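Per-entry structural report
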Amino acid sequence: MNYAALFGSALWALLRHKLRSLLTVLGITIGIGAVICVVAIGKAGQAQVEQQLNNLGDNFVWVEAGGRAINGVRTGTHGTKTLTLGDAAAIKSQIPLIKSVSPQVDASVQIIYGNQNWFTTYRGVSPEYFDIKRWYTDQGAVFTPDDVERAADVCVIGRTVRDQLFGALDPIGKVIRVRDMPCKVIATLRPKGLAISGQDQDDAIMLPYTTAQKKLKGISWLDDVLCSAVSPGVVKLAGQQAAALLRDRHHLRPEEDDDFNIRNPEDIIQAQLDASRTLSARLIAVASVSLVVGRTLGWPMQMSPEAVLVAALFSIAVGVFFGYYPARKASLLDPIEALRYE
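Residues numbered from 1 in each chain as written. Predicted model: local features only at pLDDT ≥ 70, side-chain atom pairs only at ≥ 80, totals over all residues. Heavy atoms only, no water.

A closer look at the overall build of the protein chain
- Looking only at helices and strands, the protein chain features 11 helices and 10 strands.
- For the protein chain, the residues scored as buried account for 37% of the 342 residues in total.
- Residue pairs at least 24 apart in sequence account for 72% of intrachain contacts in the protein chain once pairs closer than 6 positions are excluded.
- In the form shown here, the protein chain has an accessible surface area of approximately 19,500 Å², with 61% of it arising from carbon and sulfur atoms. (Helix = DSSP H or I, 4+ residues; strand = E, 2+ residues; numbered from the N terminus. Buried < 20%, exposed > 50% of the residue type's maximum accessible area, 1.4 Å probe, protein only. Contact = heavy atoms within 4.5 Å. Areas by Shrake-Rupley, 256 points an atom, 1.4 Å probe, with all protein chains shown as cover.)

Now the structure itself:
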């Protein structure tokens, strides 16, 4: 077989039908570009979802004071007094599926440094909180169990609080006022950005829960107990066991509603579904964009060599098939009929 002759014949055919050849190349180019765009934006969106889910915490199990009615409304909120430090200790000691626990006492507060002030949220927690919620410092070190024991006036601040109160100043060692309480800044946190709910996770300060209980709220109970399960696969079961333990400790009869609320993995799944809907809208939009205005909206992309290879191979296969099939069909025609068609 004379491949040189075949190549020359094919090249001549392409040059004879310039418009047809141009449209074919354009179609293949658009096909490859569309597949690469869709996969790249899809992977970037998935990476964003995974990052948001990772920010939720380490196999996170969240116990809130106050139950939830059938319509989803939380009852009791910060007024429920039945969730105690003893409950947190019991969850840690009696549920093997739970590896770490942090009490939490929280509220909104006005904080002041010099002539700057900012309205934010404080969270009274234990040192374990930072591992459970995957918070990392960029300056200083978090408070210690000894700080918790003596209800020390120390705090760790998020990036938003740092920017609002200190700007370019180094905040470590500075004393801010949390309501009327002087509080020394001992560490700053790396930024996390917005949560899936849209809340600014960096707009908060963390201090020992004993400090929050005794010096800010004047209470002996807890608002939340934050827990970390031993693995992702047992998060739901750990939550169920915590619920059973708390019902027993709170002496709730079978007909009585929970006086606490445990956030289940369904909440995270729902967040994934919401993110998937957004991602689907992006994919539909980019498919249209690839045919109308190109790759120009500035959405984040994460390129994949596999996507490029698959798109190229698929487009080549389509081109070869739709080139071979008509040629094969034409070769079976009577020469007179073929010439008449041409």
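So, the pattern of salt bridges
- Applying the stated criterion to the full structure yields 12 salt bridges.
- Residue Asp-146 is joined to Arg-150 by a salt bridge in which the shortest nitrogen-to-oxygen separation is 3.3 Å.
- Its relative accessible area of 53% is what places Arg-150 among the exposed residues.
- Measuring nitrogen to oxygen at the nearest pair gives 2.9 Å for the salt bridge that ties Arg-150 to Asp-147.
- Within the structure, one salt-bridge network assembled from shared partners comprises Asp-58, Lys-99 and Arg-134. (Salt bridge = Lys/Arg side-chain N within 4 Å of Asp/Glu carboxyl O.)

Quick notes on helix 6 (residues 159–166)
- Burial in helix 6 covers these residues: Thr-160, Val-161, Arg-162, Leu-165 and Phe-166.
- Backbone geometry just downstream of helix 6 places Gly-167 in the positive-phi region, at approximately 60°.

Considering the packing of aromatic side chains
- Under the counting rule described, the total for this entry stands at four aromatic pairs.
- Each ring, one from Phe-130 and one from Phe-143, has its centre 5.6 Å from the other, and the planes form 70°; the classification is edge-to-face. One end of the pair, Phe-130, is in helix 4 (residues 128–132); the other, Phe-143, is in the loop between strand 4 (137–140) and helix 5 (145–149), and 13 residues separate them in sequence.
- With a relative accessible area of 4%, Phe-130 lands in the buried category.
- An aromatic cluster is built from Tyr-129, Phe-130 and Phe-143, whose rings are joined through pairwise contacts.
- Here Lys-192 stacks its cationic end above the ring of Trp-135, 4.6 Å away from the centre of that ring.
- Against the face of Trp-62 rests Arg-263, its NZ or CZ located 4.4 Å from the ring centre. (Phe/Tyr/Trp six-rings, centres within 6.5 Å; stacked < 30°, edge-to-face > 60°. Lys NZ or Arg CZ within 6 Å of the ring centre and 35° of its normal.)

Quick notes on the nonpolar core
- In terms of nonpolar packing, the biggest core is built from 45 residues, with Ile-91, Val-178 and Val-225 touching the most fellow members.
- Counting residues per element, this core draws most heavily on helix 8 (residues 235–249), which supplies six residues.
- Membership of the second largest hydrophobic core comes to 18 residues, among which are Tyr-129, Val-148, Ile-186 and Ala-204. (Core = buried A, V, L, I, M, F, W, Y, C linked by side-chain atoms within 4.5 Å.)

Some remarks on the packing of helix 3 (residues 85–94) against helix 8
- The N-to-C vectors of helix 3 and helix 8 enclose an angle of 135°; their axes lie 10 Å apart at closest approach. Taken together, the axes of helix 3 and helix 8 lie oblique to each other. Seen from above, helix 3 lies across helix 8 with right-handed handedness. Between helix 3 and helix 8, the residues in contact are Gly-86, Asp-87, Ala-90, Ile-91 and Gln-94 and Leu-245, Leu-246 and Arg-249, respectively.
- Residues that form the contact of helix 3 with helix 8 fall into these classes: four nonpolar, two polar and two charged. (Axes fitted to C-alpha atoms, helices over the stretch in contact; angles between N-to-C directions. Parallel < 35°, antiparallel > 145°, perpendicular 65-115°, else oblique. Left-handed = near helix turned anticlockwise from the far one by under 90°. Nonpolar A, V, L, I, M, F, W, Y, C, P; charged D, E, K, R; others polar.)

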